[in-house]
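A structural walkthrough
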Amino acid sequence: MKPLLELNNVSYAYHSKSGETAALSDLSFQVFPGEFIAVIGPSGCGKSTLLSLISGLLFPESGTILYAQGCVRKSSGYNRMRPAPAGRRRKSGLLPEVSDKSSIGYMLQKDHLFEWRTIYRNILLGLEIQHRLDENALARVNKMLQDYGLEQFRDARPSELSGGMRQRAALIRTLAPDPELLLLDEPFSALDYQTRLSVCDDVAAILRREKKTALLVTHDLSEAISMADRILVLTKRPAHIRTILTIRFARENPDKTLSGMPTLEQENPDRTPSGMPTFEQEAPDRTPSGMPTIERKASDKSSSRLTPFERRGEPEFQEYFNYLWKELNADEQNL
């Protein structure tokens, strides 16, 4: 399967008068269509910077970012906090014009709904900016409002909605231009714990129903395990990938033999952590990135996937949590 997104040896540093702060170092990974990827790491390691690079808000100082539709983002060649002027970038040939600027949706930590606009007009904002308010787009938005329980609040103001409903509206706004890839930058961090659990289930269900590929940045290990297909663990700054962990639960794979936790995908494939169970596969096929794949039988439908809340109650959940906690604290343990 061809990846939807591929990063090859991407590095980035912030520059100021006081010096250089390296944020990311030599990151390489792939994201495949339909995957939900979570990115975790220590505070300040560059997780949000990674999303800014993928979205094009920043440009890598070295390496390339490849998209399935043929767009390539190479290093900018500029040691600045902001990208070089657009004319200079295109003149040098380093950054081809993006053919479809709506291919990526970016959902931030706060919903950023405008109080002077109704929920419906907030949702249409991206389509308005892109001049895409056609009949098909409006029909799609109206259907999502009905499907996801916001139809009766379409004329309400953001202050009249609960935090969870506001986040749902923000997600629909992000989905309205029909992006291929969604970038989620801690979208639940501003919610209380109970609301966060509910919204996680809502968002996961919506993304599966809309068949979207997503990349989530979070500090919450439980959130990552409950939502993701794979988890990228970053080191402290300058961040590189310590581990890529594939998440599988026995109840989601009833036709497979699951002995504890699944196989790790790492830079060193021969490394097997002490006491780390592996996932026995009938088809040891691997993708170009080294990620083990599962050949699903006809009976193994997407509807068998557990909700994030249900995953939290599974026996594998605590094992994943303990392992990821150790990985995140490995630097301190090695001091």
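This text gives an overview of the structure that appears in the document. (Residues numbered from 1 in each chain as written. Predicted model: local features only at pLDDT ≥ 70, side-chain atom pairs only at ≥ 80, totals over all residues. Heavy atoms only, no water.)

Here's the deal with the environment of His112
In plain terms, the rule: Secondary structure elements are taken from DSSP: a helix is a run of H or I of four residues or more, a strand is a run of E of two residues or more, and numbering for both begins at the N terminus.
Here His112 is to be found in the loop between strand S6 (104-107) and helix H3 (119-123). As a C-alpha pair, His112 and Pro158 span 46 residues in sequence and 9.5 Å in three-dimensional space.

Comments concerning the nonpolar core
Put simply, the test is: Throughout, nonpolar core names a set of buried Ala, Val, Leu, Ile, Met, Phe, Trp, Tyr and Cys residues whose side chains join them through atoms within 4.5 Å. Only protein chains enter the accessibility calculation, which uses a 1.4 Å probe; a residue whose area is less than 20% of its type maximum is buried, one above 50% is exposed, and one in between is partly exposed. A contact between two residues is defined here by any heavy atoms of the two lying within 4.5 Å.
By size, the foremost hydrophobic cluster in this structure holds 53 residues, and its most contacted members are Leu207, Ile231 and Leu324. Aside from chain neighbours lying at most four places away, what touches Leu207 is Phe36, Leu171, Leu175, Leu182, Leu184, Lys212 and Ala214. Among the nonpolar cores identified, the runner-up in size contains 30 residues, and Phe29, Leu53, Val217 and Leu232 belong to it.

A few points about the side chain of Ser222
Along the chain, Ser222 falls in helix H8 (residues 221-227). On the accessibility criterion, Ser222 (14% relative accessible area) is buried. With near-sequence residues (within four places) excluded, Ser222 lies in contact with Arg312, Phe317 and Phe321.

Description of helix H10 (residues 315-328)
Every α-helical turn comprises 3.6 residues, leaving residues that sit three or four positions apart pointing alike. Condition: By arc we mean the arc of the directions from the helix axis to the C-beta atoms, nothing more.
The complete set of buried residues in H10 reads Glu316, Phe317, Tyr320, Tyr323, Leu324, Glu327 and Leu328. For H10, the arc enclosing every buried residue in end-on projection is 135°, short of the 170-degree limit, so these residues lie on one face. Projecting away from the buried face of H10 at angles above 90 degrees are the exposed residues Pro315 and Lys326.

A short note on the pairing of strand S8 (residues 213-217)
Definition in use: Strands pair, by our definition, only if DSSP identifies at least two bridges between them. Seen with the strands pointing away from the viewer, any crossover whose path from the first strand over the helix to the second strand runs clockwise is right-handed.
In terms of burial, S8 is largely enclosed, as five of its five residues are buried. As judged from the four bridges shared by strand S3 (residues 36-40) and S8, these two strands associate in the parallel manner. Bridge pairing in S8 links Val39 to Val217. Inspection of the sheet shows strand S7 (residues 181-185) paired to S8 by five bridges, in the parallel sense. Considered in S8, the bridge of Leu183 is made with Leu215. Taken together, S7, helix H7 (residues 193-210) and S8 form a β-α-β motif whose crossover is right-handed.

These figures come from the coordinates and say nothing about function on their own.
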